[in-house]
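Coordinate analysis (summary)
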Amino acid sequence: MKMKKYMIYLDDGRDCYKLAIPAKDEKAAREYVQGNGEVIAVKEVTND
């Protein structure tokens, strides 16, 4: 299975974070950061 790279913008109520997450799909990337704040945006950047 080939992994993709996602940039996730996450707001924890105090700060905003930009995270690079390897995952098989967007759902898996969102699950990885679940519980750490509100996901603002997800962007696939595998080829960038």
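Notes on the structure in this doc start here. (Residues numbered from 1 in each chain as written. Predicted model: local features only at pLDDT ≥ 70, side-chain atom pairs only at ≥ 80, totals over all residues. Heavy atoms only, no water.)

Considering the sheet that holds strand β2 (residues 16-23)
Overall, antiparallel pairing links the three strands, which are arranged β2-β1-β3 in an open sheet. Lying at the two open borders of the sheet, with one neighbouring strand each, are β2 and β3 (38-44). Strand-to-strand twist of the sheet, defined as the mean angle between neighbouring strand axes without regard to direction, takes the value 25°. Pairing geometry for strand β1 (residues 4-11) and β3, over six bridges, is antiparallel. Its bridge partner lying in β3, Asp 11 is registered against Glu 38. (Pairing = 2+ DSSP bridges. Helix = DSSP H or I, 4+ residues; strand = E, 2+ residues; numbered from the N terminus. Axes fitted to C-alpha atoms, helices over the stretch in contact; angles between N-to-C directions.)

Some thoughts on the nonpolar core
Among the nonpolar cores identified, the biggest contains eight residues, and these are Tyr 6, Ile 8, Leu 10, Ile 21, Ala 23, Ala 29, Val 33 and Val 42. For this core, the elements supplying multiple residues, two or more each, are β1, β2 and α1 (26-33). Counting residues per element, this core draws most heavily on β1, at three residues. Contacts of Ile 8, omitting those with residues within four sequence positions, involve Tyr 17, Lys 18, Leu 19, Ile 21, Ala 29, Arg 30, Val 33, Val 39, Ala 41 and Val 42. (Core = buried A, V, L, I, M, F, W, Y, C linked by side-chain atoms within 4.5 Å. Buried < 20%, exposed > 50% of the residue type's maximum accessible area, 1.4 Å probe, protein only. Contact = heavy atoms within 4.5 Å.)

With respect to the pattern of salt bridges
Evaluation of the coordinates by the stated rule reveals two salt bridges. One salt bridge in this structure joins Arg 14 and Asp 15, with 3.6 Å as the shortest N-O distance. With a relative accessible area of 72%, Arg 14 lands in the exposed category. The residue Arg 30 makes a salt bridge to Glu 26 at a minimum N-O spacing of 3.2 Å. Of the two residues, Arg 30 and Glu 26 are both situated in helix α1; the distance of four residues between them amounts to about one turn of the helix. The exposure class of Arg 30 is partly exposed, given its relative accessible area of 37%. A residue is classified by how much of its surface remains accessible, and Glu 26, at 35% relative accessible area, is partly exposed. (Salt bridge = Lys/Arg side-chain N within 4 Å of Asp/Glu carboxyl O.)

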